[in-house]
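Residues per chain are reported as follows:
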Amino acid sequence: MKIAILPGDGIGPEIMAQAVKVLNVLGERFELESADVGGAGYAAHGHPLPPATLALAKAADAVLFGAVGDYQYDSLERALRPEQAILGLRRELGLFANLRPAILYPELAGASTLKPEVVSGLDILIIRELTGDIYFGKPRGVRECPDGPFKGEREGFDTMRYAETEIRRIAHVAFQAAQKRGQRVTSVDKANVLETGQFWRDIVTDVHKEYAGVALEHMYVDNAAMQLVRAPKKFDVMVTGNMFGDILSDCAAMLTGSIGMLPSASLDANNKGLYEPSHGSAPDIAGKGIANPLATILSAAMMLRFSLNKAEQADRIETAVKKVLAQGVRTGDIYEQGTHKVSTEEMGNAVVRALG
Ligand code: IPM
Ligand code: MG
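Draft legend 1. Focus on the domain arrangement of the protein chain. Domains assigned within the protein chain are domain 1 (1-96 + 268-356) and domain 2 (98-264). Placing the centre of domain 1 and that of domain 2 at their C-alpha centroids yields a distance of 23 Å. If you look at the interface, domain 1 gives 28 residues, while domain 2 gives 25 residues. Here domain 1 meets domain 2 over a buried area of about 2200 Å², counting both sides, of which 66% is carbon and sulfur. If you sort the residues of domain 1 by the area they bury against domain 2, R90, F96 and S278 come out on top, with a joint share of 33%. For the pair domain 1 and domain 2, the number of links is 0 salt bridges. Inspection of the region where domain 1 meets domain 2 yields 5 residue pairs in polar contact (both at pLDDT 80 or more). Of all the secondary structure elements, the ones that give two or more residues to the side of domain 1 that touches domain 2 are α4 (83-93), β12 (273-277), α10 (294-306) and α11 (311-326). Per-element tally for the side of domain 1 that touches domain 2: the top contributor is α10, with 6 residues. In terms of residue class, the side of domain 1 that touches domain 2 is built from 15 nonpolar, 5 polar and 8 charged.

Draft legend 2. Examining the packing of aromatic side chains more closely. Applying the stated criterion to the full structure yields 3 aromatic pairs. Ring geometry for Y162 versus W200: centroids 5.2 Å apart, planes at 55 degrees, classification tilted. You can see Y162 sitting in the loop between β7 (154-157) and α6 (164-179) and its partner W200 sitting in helix α7 (residues 195-208), a full 38 residues away along the chain. Classification of W200 by relative accessible area gives buried; the value is 3%. The lysine or arginine in question, R128, covers the ring of Y135, its NZ or CZ lying 5.2 Å from the ring centre. Positioned above the aromatic ring of F157 is the side chain of R143, whose terminal nitrogen or guanidinium carbon lies 3.6 Å from the ring centre.

Draft legend 3. Region of interest: the nonpolar core. Within the largest apolar cluster, 61 residues are counted, with the highest numbers of intra-cluster contacts made by L23, L64, I127, M261, I317 and V321. Viewed by domain, this core spans two of them, domain 1 (1-96 + 268-356) and domain 2 (98-264), each represented by three or more residues. With residues up to four places along the chain from it excluded, the contact list for L64 reads I3, A4, I5, L6, M16, A19, L23, Y275, T296, S299, A300 and M303.

Draft legend 4. Layout of the side chain of T131. With respect to the helices, strands and loops of the structure, T131 is situated in the loop between β5 (123-129) and β6 (141-144). In this structure T131 comes out as buried when scored by relative accessible area, which is 17%.

Draft legend 5. A look at unusual backbone geometry. For the peptide bond that leads from K138 to P139, omega is 5 degrees, which places it in the cis range. Relative to the helices and strands, P139 resides in the loop between β5 and β6. The phi dihedral of Q183 is positive, around 65 degrees, even though this residue is not glycine. Summarising the element assignment, Q183 is placed in the loop between α6 and β8 (184-189). Its identity is not glycine, yet A282 carries a phi of approximately 40 degrees, on the positive side. As for its placement among the helices and strands, A282 is situated in the loop between β12 and α10.

Draft legend 6. Just the pattern of salt bridges, in detail. Per the counting criterion, the structure on display carries 20 salt bridges. Among the ionic pairs, E31 bridges to K2, the shortest N-O distance being 3.6 Å. In this pair, E31 is assigned in strand β2 (residues 31-34) and K2 in strand β1 (residues 2-8), connecting sequence segments 29 residues apart. With its nearest N and O atoms 2.8 Å apart, the salt bridge here joins R161 to E166. Relative accessible area serves as the criterion here: at 10%, E166 is assigned to the buried category. A single network of salt bridges, built from pairs that share partners, joins E164, R168, D206 and K209.

Draft legend 7. The arrangement of the sheet that holds β12 in detail. Reading across from one edge, β2-β1-β3-β12-β11-β4-β5-β10-β8-β9 is the order of the 10 strands in this open sheet, with mixed pairing throughout. Each having just a single partner strand, β2 and β9 (215-220) make up the two edges of the open sheet. Sheet twist, expressed as the average angle between the axes of neighbouring strands with direction ignored, equals 20 degrees. Strand direction decides the pairing type here: β8 and strand β10 (residues 237-240), joined by 4 bridges, are parallel. Looking at the pairing, S187 lines up with V239 of β10. Set on the sheet, helix α8 (residues 221-230) makes contact with β5, β8, β9 and β10; between it and β9 the angle comes to about 105 degrees.

Cut-offs applied
Residues numbered from 1 in each chain as written. Chains lettered and ligands numbered in written order. Predicted model: local features only at pLDDT ≥ 70, side-chain atom pairs only at ≥ 80, totals over all residues. Heavy atoms only, no water. Domains from an automatic or database assignment. Contact = heavy atoms within 4.5 Å. Buried area = accessible area lost by both parts, 1.4 Å probe. Salt bridge = Lys/Arg side-chain N within 4 Å of Asp/Glu carboxyl O. Polar contact = N/O pair within 3.5 Å; in protein donor to acceptor, adjacent residues only side chain to side chain. Helix = DSSP H or I, 4+ residues; strand = E, 2+ residues; numbered from the N terminus. Nonpolar A, V, L, I, M, F, W, Y, C, P; charged D, E, K, R; others polar. Phe/Tyr/Trp six-rings, centres within 6.5 Å; stacked < 30°, edge-to-face > 60°. Buried < 20%, exposed > 50% of the residue type's maximum accessible area, 1.4 Å probe, protein only. Lys NZ or Arg CZ within 6 Å of the ring centre and 35° of its normal. Core = buried A, V, L, I, M, F, W, Y, C linked by side-chain atoms within 4.5 Å. Pairing = 2+ DSSP bridges. Axes fitted to C-alpha atoms, helices over the stretch in contact; angles between N-to-C directions.

Have a look at this one:
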């Protein structure tokens, strides 16, 4: 089985090195092949998603992705910016289903900014549609405003849109995920204002007819943002579009207080996928050896479970991570008094040791 390793920028290479170390001690024969992506792709090959990197990602059975973005690339034109790498991979590989779990590990209950009773035991799964919506909708651009009070001025515009098939397939992913968890789906939209939102709601309601055992509720996105902070444990599976999912998943991740712990999966129709930590490239701490590699290590576990059919190995990694947390081993982001602060590399080593 071939795994494309795309470390990217900022802390990407440091955290990826730890995940690779973990993959290499599992006793499986994986073929790991690395390539430049993001700012690193631009620096080495003049493009954030170099053709060879895309070809590798397409040929591989799964992609393990670090993070992209760094200050020095902020002023590049949009088409060359590091973010285009991840957007291009999502589009080119058809990775429409983004699974973002937000789990509060009991040992880290103190890390949340919310009261422990509000978040303890939190276990929600955000399913974000990833290849449609205003992210990819056309037309988009800057033009001369055609009418209205600002006629003749320049205006920026984007297009929010969803085809029926796009909504149906992500709704199926959500209902099927709920069947394996708490049997509840909250579909988030803005049906009170947007045509796209009402259409989303109608289609999700229709797909729900095939899932009698799963409860469905609809929620407006502004209310969903409020409920996530007010009573997050009410949620089981939340399904939403690309734009709202981007925002709500950051909010949900922060409920746990430890975005450095959260993995994610982006899957196509055949469960081929790209796996990446939910956090970004954190250029401010890059190269210091203090980043938390656990989100990337846990992303590797998700990869084993969803794309490589190695659920047992995924369990082994997840158990090892819990063991390390129970031992009090902590990177700086999740450090509390009385625990043992370690570097990125020491955290990776601790997981390797816990794997036995
Ligand atoms: C994410 C990120 C990306 C997004 C950026 C880096 C393009 O915020 O994965 O949530 O907006 O989807
Ligand atoms: Mg985001």
